[in-house]
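Reading the structure
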Amino acid sequence: MKYSKFNIEDYLDSDEACAAYLSAVFEENDPDLILAALGDIARARGVTKLAQDAGLDRESLCNALRPGAKPDFETVFRIMKAMNITMQVQAG
């Protein structure tokens, strides 16, 4: 039996898939996991193009999404906007 390595990026092929993935990750309340998920989406969409759309250079985008990074909210907001993803607030 052959197994192939699972790659989440293979499944992030639409805005809806990316939004569903990120919504599930947000439920974990883990900032590092959120950054990792944003990084997965960035790689699925193309890091260079996404950086341009967010008004960042490629290195800045990669640094903002690396494990342990503490990007400011404006940077995260710009990245999410470039991904065509918005946040919604609801009582929990």
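Everything below is about the structure shown above.
Residues numbered from 1 in each chain as written. Predicted model: local features only at pLDDT ≥ 70, side-chain atom pairs only at ≥ 80, totals over all residues. Heavy atoms only, no water.

1. Observations regarding the packing of helix H3 (residues 47-54) against helix H5 (residues 73-82)
At a minimum axis distance of 8 Å, the contact between H3 and H5 shows a crossing angle of 115 degrees. Of the two elements, H3 crosses H5, and the hand of that crossing is right-handed. Along its contact with H3, which presents Leu50, Asp53 and Ala54, the element H5 presents Arg78, Ile79 and Ala82. (Axes fitted to C-alpha atoms, helices over the stretch in contact; angles between N-to-C directions. Helix = DSSP H or I, 4+ residues; strand = E, 2+ residues; numbered from the N terminus. Left-handed = near helix turned anticlockwise from the far one by under 90°. Contact = heavy atoms within 4.5 Å.)

2. What about helix H2 (residues 31-45)?
Its 15 residues give H2 an end-to-end C-alpha distance of 21 Å, which sits within 8% of 21 Å, the value for a rise of 1.5 Å per residue. For H2, every residue scored as buried is listed here: Ile34, Leu35, Ala37, Leu38, Gly39, Asp40, Ile41 and Ala42. A distance of 3.0 Å separates the backbone nitrogen of Asp32 from a side-chain oxygen at the start of H2, and that oxygen is part of Asp30. (Expected span 1.5 Å × (residues − 1). Buried < 20%, exposed > 50% of the residue type's maximum accessible area, 1.4 Å probe, protein only. Polar contact = N/O pair within 3.5 Å; in protein donor to acceptor, adjacent residues only side chain to side chain.)

3. Some points on the side chain of Thr75
Relative to the elements of secondary structure, Thr75 occurs in helix H5. There is a polar contact of 2.7 Å between the side chain of Thr75 and the side chain of Asp72. With residues up to four places along the chain from it excluded, the contact list for Thr75 reads Leu56 and Ala64.

4. A closer look at unusual backbone geometry
If you check the backbone angles, Asn29 has positive phi at about 55 degrees while not being a glycine. Note on placement: Asn29 falls in the loop between helix H1 (15-26) and H2. With phi around 65 degrees, Asn84 is a residue other than glycine that occupies positive phi space. Mapped onto the fold, Asn84 is located in the segment after H5.

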